[in-house]
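# Per-entry structural report
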Protein chains: 4
Amino acid sequence: MTEQELLRELLQAGDEQEKMSEKKVKILEAAIEMFSEKGYAATSTSEIARKAGVAEGTIFRHYKTKKDLLMAIVTPVLTRVVAPFLARDFAQKVFEDDYQSYENFIRALIRNRFDFVKKHLPMIKIFLQELAFHPEIKEQYRHIFVEHVYDKFRKIVSHFQQKGEIIELPPETVIRMTITTIVGYLITRFLVLPERDWDDDVEIEHTIQFLMHGLSRRKE
Amino acid sequence: MTEQELLRELLQAGDEQEKMSEKKVKILEAAIEMFSEKGYAATSTSEIARKAGVAEGTIFRHYKTKKDLLMAIVTPVLTRVVAPFLARDFAQKVFEDDYQSYENFIRALIRNRFDFVKKHLPMIKIFLQELAFHPEIKEQYRHIFVEHVYDKFRKIVSHFQQKGEIIELPPETVIRMTITTIVGYLITRFLVLPERDWDDDVEIEHTIQFLMHGLSRRKE
Amino acid sequence: MTEQELLRELLQAGDEQEKMSEKKVKILEAAIEMFSEKGYAATSTSEIARKAGVAEGTIFRHYKTKKDLLMAIVTPVLTRVVAPFLARDFAQKVFEDDYQSYENFIRALIRNRFDFVKKHLPMIKIFLQELAFHPEIKEQYRHIFVEHVYDKFRKIVSHFQQKGEIIELPPETVIRMTITTIVGYLITRFLVLPERDWDDDVEIEHTIQFLMHGLSRRKE
Amino acid sequence: MTEQELLRELLQAGDEQEKMSEKKVKILEAAIEMFSEKGYAATSTSEIARKAGVAEGTIFRHYKTKKDLLMAIVTPVLTRVVAPFLARDFAQKVFEDDYQSYENFIRALIRNRFDFVKKHLPMIKIFLQELAFHPEIKEQYRHIFVEHVYDKFRKIVSHFQQKGEIIELPPETVIRMTITTIVGYLITRFLVLPERDWDDDVEIEHTIQFLMHGLSRRKE
DNA sequence: CATGAATGAGGTTTCATTCAT
DNA sequence: TATGAATGAAACCTCATTCAT
């Protein structure tokens, strides 16, 4: 499947964990859990140590500062959030008609991001929270977004605008609506009302229909 | 204007400030600024005192604990975020055809919420951040939403579904898409890319068109 | 007495303590005692707090950092060590024949410094120890010495060289021998062998004789 | 030369290094550099390990504790500082007229100690600093001084007093003045103003002249 | 012998809160 | 009501030392 290929083409980050010592992994897991539950600033290193089952000093052998520990969590998320766009031949595939329509492209994208959020929810929560308070994270993210995502996304939108499939609004507006709709769904699904009984296939399909109708070229 | 009437019918919160002593207001202002910049947990009471120009102890004369100070900021937001729906005769007006269409209703809503966010951005940032970490806030909000917003909103949606204006999806899905689209716009506008040069009238209109096309009843 | 006038013309530093709160004085006293006994780096702030009878946090209300506490001790010493030379009319007096000879000048100096060291030994120990490790202290001291002491001292030496009382060596060599002899005596007296039974009047007189013979113009 | 013979007759300490493993030497060198720069208490063993290029644990294979490492540096200095006096036949030589005068004896002594300080300055700095804080070091030193130096020195002084070369002050006063003058010169030369452009031969000769005049028998 | 991960006691500093003034 | 000195618990972090490899 194309979506799976996208994921495979992700970045490093995966193998890191394999090289990590057991304690380091425990620390990371504990930190992710605590940070996502109580927030970075409200979580103490002693709490993390306790939950990880290590001495407090051990944390600082692996991460020079508490902030470093945060960054070790957040930096991979930084890229993985926009991972599909980082694949080298990503845009190319779109243009080569791998997904004959914007709808199919969106479908692939939403399914892929759904799986990602489902799998990495705590890390993503931390990322979203701390984005607001750490200018370096924001800056790194902005850099990745502008450099690797926005351009490709704009070309894809233009492509389907030229094919007459979607409306001739400014690409950034189309991008905003697309992202907003997808992210809005995922946040509602996983953060706002996670306990509700969701029929994800149906809901995703409705979301795609909503988005596509919203963006389809108006017929006179 | 209807929208203004809505606002007037808001809750307390407004007059509170008039009864407040000058120092109390200063403290509140300082706390809002600091909490929204650095986050609740990362802001110290001594910082707030310094910024407010009062002694450290004075904060605790007015607010028993730091948490109380947070709640004093967040609680009004809680209701004001969904304020339009709290007006007693709100739904009634909709049904009495004050806004002949879902589109007009949405237009009034988005304009109203736009002004609100613009005016109270820092408080809203605090609210969104801390919602994640304080179950009481979440619970209060859920309560207000379920009690006062969801029901009315569902009735409004049903109303326009019966009038044939909007698509026959489950009302909660329609609500989600509506809210998601509006909130997505406001967040992009005020939090993600506030520094961009926005033509708000145009952008709002595009957003409404997107939403209405996305939700319009499909014609065979 | 001239020596007493010198002392009176000292700098500020004296009245500071009067304005200090009781706790601040206690902290300073405790810190001086501990630093001089165990050294700055080997003394913990918790030890100081215990000895001062205050909470550890109280130290940091009065001194932002442990280093600040050190500087609060060392900075006054910095000037007081060379205090006699800081009197505005000090050199003038020497030239106006207040002390008819280099010998009398030295006698006044050594007596004055003797009293000073006796009174402030712990602070002086701290000063001497930490001078070696804190470039800022060294730099401040060098500044004071070059600016206020060396020049005056050189003029005094030249004065008595011209009067034929002391030998025509380079002034800096004469200064070195004078200081070395005085400081060597004081260090032996108060640091190396403080417990010995000293007849200070006799020892001072011997030291002066030694110095004066060592520096007297050689007769052919 | 007699002075060289003295040195040869020193104690152990010299050959130690030959038996030492390469790593042990590196550790010692690193420790000497760091201790003399930042002080014993302010230097961490991990810093030493880094500078020595060994693992943290390796230090503790060679020295049971950090204190042991300090003692390994300081103990040799302890004896070497007063080394000339430790030669078995040292005093004997003086009396047998190897140095026809106190002046020549002092000249040999000051030259010898000059070379020693020049060569081992960092170790000597450490010794001087830590002397103040470690009673065992002070006690050991006092023991060596009283046992091996003071007695010999006193006899030498008496010898030249009887020969009429130097003044009839209490020997301990003469010793103090001699040591003070020599040490005062060396400290000024190597610690206080090391960066100045010294003409050591001239300065040493002036120092000797100063000392000899200061101590010479007064002529009526 | 050498390593370096792990420890836990203890270091400096911050913080929310109290209370005498 | 307002102050700000005082508190002591707890924050982050460092350190000397140990021990399995």
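On a predicted model such as this, the values are computed, not experimentally measured, just so you know.

What follows concerns the overall build of chain A. When helices and strands are counted, chain A shows 12 helices and 0 strands. The principal-axis extents of the C-alpha atoms in chain A amount to approximately 70 × 35 × 35 Å. Residues counted as buried form 49% of the 220 residues belonging to chain A. In chain A, 73% of the contacts between residues at least 6 apart in sequence involve partners at least 24 apart. When the accessible area of chain A is evaluated, it comes to approximately 10900 Å², of which 53% is carbon and sulfur surface. Here chain A carries 33 positive and 35 negative side-chain charges, and the mean point of each set is 4 Å from the other.

Each side of the interface is counted separately: chain A has 38 residues, and chain B has 38 residues. Run the count over chain A and chain B and you get 6 salt bridges. For A:R176, the salt bridge goes to B:E203, with nearest N and O atoms at 3.1 Å. Where chain A packs against chain B, one counts 9 residue pairs in polar contact (both at pLDDT 80 or more). Counting residues per element, the ones that place at least two in the side of chain A that touches chain B are α3 (22-38), α10 (135-162), α11 (171-192) and α12 (200-215) of chain A. A total of 10 residues in the side of chain A that touches chain B trace back to one element, the largest contributor, which is α11(A). Classifying every residue of the side of chain A that touches chain B by side-chain character gives 15 nonpolar, 13 polar and 10 charged.

So, about the protein's contact with DNA strand F. Looking at DNA strand F, there are 32 residues lining it, with A:T45, B:T58, C:T58, D:T45 and D:K66 nearest. Expressed as a percentage, the sugar and phosphate content of the atoms of DNA strand F within 4 Å of the protein is 60%. A:K66 has a polar side-chain atom sitting 2.7 Å from a phosphate oxygen of DNA strand F. When the residues that make up the surface near DNA strand F are grouped by side-chain class, the tally is 6 nonpolar, 17 polar and 9 charged.

This part covers the confidence of the model for chain A. Residue and element names in this part refer to chain A. Mean pLDDT over chain A works out to 88, with 91% of the residues at or above the 70 mark. Within chain A, the element-level pLDDT minimum falls on helix α1 (residues 2-8), averaging 40, and the maximum on helix α4 (residues 45-52), averaging 97. Segment residues 1-16 is flagged for pLDDT under 50; beyond a separation of four residues in sequence, or across chains, it makes 21 contacts in the model.

Turning our eyes to something else, we now look at the packing of helix α3 (residues 22-38) of chain C against helix α6 (residues 66-80) of chain C. Residue and element names in this part refer to chain C. Put simply, α3 and α6 touch, their axes get as near as 10 Å, and they point 90° apart. By the angle class used here, α3 and α6 are roughly perpendicular. For the pair α3 and α6, contact is made by I27, L28, A31, I32 and F35 and by K66, L69, L70 and I73, respectively. Classifying every residue of the contact of α3 with α6 by side-chain character gives 8 nonpolar, no polar and 1 charged.

Here we come to the relation of the copies chain A and chain B. Copy one and copy two of the chain differ by a rotation about an axis and a translation along that axis. With an RMSD of 0.1 Å, chain A superimposes on chain B once it is rotated by 180° and translated 0.1 Å along the axis. Considering both components of the superposition, the chain copies are consistent with a two-fold axis. It is A:G214 whose C-alpha, among those of chain A, lies nearest the rotation axis, at 1.9 Å. Comparing contact sets, 100% of the residues at the interface of chain A also lie at the interface in chain B, consistent with an isologous, same-surface contact.

Okay, a nonpolar patch on the surface next. All names here are of chain A. Taken together, the side chains of L128, V183, I187 and V192 present a nonpolar region at the surface, about 280 Å² in accessible area. For the nonpolar patch, the element with the highest residue contribution is α11, accounting for 3 residues. Among the structural elements, V183 can be located in helix α11. Residue V183 is classed as partly exposed on the basis of its relative accessible area, which comes to 37%.

The domains assigned to chain A are domain 1 (3-62) and domain 2 (72-215). If you average the C-alpha positions of domain 1 of chain A and of domain 2 of chain A, the two centres end up 25 Å apart.

In this section: the nonpolar core. Membership of the largest hydrophobic core comes to 139 residues, with the highest contact counts inside it found for A:Y102, A:F105, B:Y102 and B:F105. Counting residues per element, this core draws most heavily on helix α9 (residues 102-131) of chain B, which supplies 15 residues. Dropping the residues within four chain positions of it, A:Y102 is found in contact with A:F153, A:I156, A:V157, A:F160, A:E165, A:I166, A:V174, A:T178, A:M212 and A:L215. Core analysis: the next-biggest nonpolar cluster, separate from the first, contains 138 residues, C:V54, C:Y99, D:M34 and D:L109 among them.

Before going further, it helps to spend a moment on the protein's contact with DNA strand E. Looking at DNA strand E, there are 33 residues lining it, with A:T58, A:H62, B:T45, C:T45 and D:T58 nearest. A distance of 3.4 Å separates a phosphate oxygen of DNA strand E from a polar atom in the backbone of C:T43. At 2.7 Å, a backbone N or O of C:K66 approaches a phosphate oxygen of DNA strand E. For the surface near DNA strand E, the secondary-structure elements that each account for two or more residues are α5 (56-62) of chain A, α5 (56-62) of chain B, α4 (45-52) and α5 (56-62) of chain C together with α5 (56-62) of chain D. In terms of residue count, the dominant contributor to the surface near DNA strand E is α5(D) (5 residues). Here the surface near DNA strand E is built from residues that sort into 6 nonpolar, 17 polar and 10 charged.

With that settled, the discussion passes to the pattern of salt bridges. For the coordinates displayed, the defined rule picks out 54 salt bridges over all chains. Here A:D200 and A:R189 are joined by a salt bridge, their closest N and O atoms 2.6 Å apart. Here A:D200 is found in helix α12, whereas its partner A:R189 is found in helix α11, with 11 residues between them in sequence. Accessibility assignment for this pair places A:D200 and A:R189 in one class, buried. A salt bridge links B:K38 to B:E47, with the nearest nitrogen and oxygen atoms 2.7 Å apart. Its relative accessible area of 30% is what places B:K38 among the partly exposed residues. A relative accessible area of 17% means that B:E47 is categorised as buried. Salt bridges sharing common partners tie together A:E103, A:R107 and A:E205.

Take the packing of helix α9 (residues 102-131) of chain D against helix α12 (residues 200-215) of chain D next. Residues and elements named next belong to chain D. It is the contact of α9 with α12, at a shortest axis distance of 10 Å, that shows an interaxial angle of 140°. Here α9 is positioned oblique relative to α12, judged by the angle of their axes. Remark: the crossing between α9 and α12 carries right-handed chirality. Each of Y102, E103, I106, R107, I110, R111 and F114 in α9 lies in contact with α12, whose residues at this interface are D200, D201, I204, E205, T207, I208, Q209, L211, M212 and L215.

Relative to the helices and strands, C:T188 is located in helix α11 (residues 171-192). A relative accessible area of 12% means that C:T188 is categorised as buried.

All right, on to α4(C) then. Of the residues making up α4(C), those classed as buried are C:T45, C:E47, C:I48, C:A49 and C:A52. Remark: C:G53 follows α4(C) within two positions and exhibits a positive phi of approximately 70°.

For the structure on display, the rule yields 42 aromatic pairs over all chains. Plain terms: the ring middles of A:Y141 and A:F145 are 6.2 Å apart, the flat faces sit at 40° to each other, and that makes the pair tilted. Here A:F145 and A:Y141 lie together in helix α10, a separation of 4 residues that amounts to about one turn. A:Y141 sits in the buried class, given a relative accessible area of 18%. Look at A:F145 and you get partly exposed, because its relative accessible area is 21%. Look at D:Y102 and D:F160: their rings are 5.7 Å apart centre to centre, the planes differ by 65°, and that puts the pair in the edge-to-face class. Residue D:Y102 is located in helix α9, and its partner D:F160 is located in helix α10 (residues 135-162); the two are separated by 58 residues in the primary sequence. Among the aromatic residues, those joined into a cluster by ring pairs are A:F85, A:Y102, A:F105, A:F153 and A:F160.

Basis of the calculations
Residues numbered from 1 in each chain as written. Chains lettered and ligands numbered in written order. Predicted model: local features only at pLDDT ≥ 70, side-chain atom pairs only at ≥ 80, totals over all residues. Heavy atoms only, no water. Helix = DSSP H or I, 4+ residues; strand = E, 2+ residues; numbered from the N terminus. Buried < 20%, exposed > 50% of the residue type's maximum accessible area, 1.4 Å probe, protein only. Contact = heavy atoms within 4.5 Å. Areas by Shrake-Rupley, 256 points an atom, 1.4 Å probe, with all protein chains shown as cover. Lys, Arg positive; Asp, Glu negative; His and termini not counted. Charge placed at Lys NZ, Arg CZ, Asp CG, Glu CD. Salt bridge = Lys/Arg side-chain N within 4 Å of Asp/Glu carboxyl O. Polar contact = N/O pair within 3.5 Å; in protein donor to acceptor, adjacent residues only side chain to side chain. Nonpolar A, V, L, I, M, F, W, Y, C, P; charged D, E, K, R; others polar. Near = heavy atom within 4 Å. pLDDT = per-residue confidence, 0-100. Axes fitted to C-alpha atoms, helices over the stretch in contact; angles between N-to-C directions. Parallel < 35°, antiparallel > 145°, perpendicular 65-115°, else oblique. Least-squares fit on C-alpha atoms with pLDDT ≥ 70 in both. Patch = residues over 30% accessible without salt bridge, like charges linked within 9 Å, V, L, I, M, F, W, Y side chains within 5 Å. Domains from an automatic or database assignment. Core = buried A, V, L, I, M, F, W, Y, C linked by side-chain atoms within 4.5 Å. Left-handed = near helix turned anticlockwise from the far one by under 90°. Phe/Tyr/Trp six-rings, centres within 6.5 Å; stacked < 30°, edge-to-face > 60°.

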